[in-house]
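# A structural walkthrough
So the chains spell out like this:
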Amino acid sequence: MPNRRAVSFTRPTDEGTLLEVYDLDKGASETLTLLPDGGEFHAWMSDGQLLSTAGSTP
């Protein structure tokens, strides 16, 4: 994740796929958002924007 000592990861739930972040300084994770239906993969742009997939549509 840009400008943060953290890593992001996805976690499937009954509600859909959650995007979570683990903060290395705090030693804790938090949920950032629910990804679009079919979303599983994501990438961070250097300016902090988040890109995600939604099925076969980018």
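Going by the structure above, here's the rest.
In what follows, the accompanying structure is described. Predicted model, so just to flag it, every value in this text is computed and none were measured.

The rules behind each value
- Residues numbered from 1 in each chain as written.
- Predicted model: local features only at pLDDT ≥ 70, side-chain atom pairs only at ≥ 80, totals over all residues.
- Heavy atoms only, no water.
- Pairing = 2+ DSSP bridges.
- Helix = DSSP H or I, 4+ residues; strand = E, 2+ residues; numbered from the N terminus.
- Axes fitted to C-alpha atoms, helices over the stretch in contact; angles between N-to-C directions.
- Buried < 20%, exposed > 50% of the residue type's maximum accessible area, 1.4 Å probe, protein only.
- Contact = heavy atoms within 4.5 Å.
- Polar contact = N/O pair within 3.5 Å; in protein donor to acceptor, adjacent residues only side chain to side chain.

### Notes on the sheet that holds strand β1 (residues 6-13)
Across the sheet, 3 strands lie side by side as β1-β2-β3; this open sheet has antiparallel pairing. Strand pairing shows two members of the sheet lacking a second neighbour, β1 and β3 (28-34), which therefore form its edges. Sheet twist, expressed as the mean angle between neighbouring strand axes with direction ignored, is 30°. As judged from the 6 bridges shared by strand β2 (residues 16-23) and β3, these two strands associate in the antiparallel manner. If you follow tyrosine 22 over to β3, its bridge partner there is serine 29.

### Digging into the environment of tyrosine 22
Within the secondary structure, tyrosine 22 sits in strand β2. Owing to a relative accessible area of 31%, tyrosine 22 belongs among the partly exposed residues under this scheme. Sequence-wise, tyrosine 22 and serine 8 are 14 residues apart; in three dimensions their C-alpha atoms are separated by 6.2 Å. Setting aside chain neighbours within four positions, we find tyrosine 22 in contact with Arg5, Ala6, Val7, Phe9, Gly27, Ala28 and Ser29.

### Description of unusual backbone geometry
One non-glycine residue, asparagine 3, adopts positive backbone phi at about 60°. Residue position: asparagine 3 is located in the segment before β1. With relative accessibility at 77%, the residue asparagine 3 sits in the exposed group.

### Things to note about the side chain of threonine 17
Tracing the chain through its elements places threonine 17 in strand β2. Of the polar contacts made by the side chain of threonine 17, one reaches the backbone oxygen of glycine 39; its length is 3.3 Å. Leaving out residues up to four positions away in the same chain, threonine 17 has contacts with Thr10, Arg11, Pro12, Thr33, Leu34, Leu35 and Gly39.

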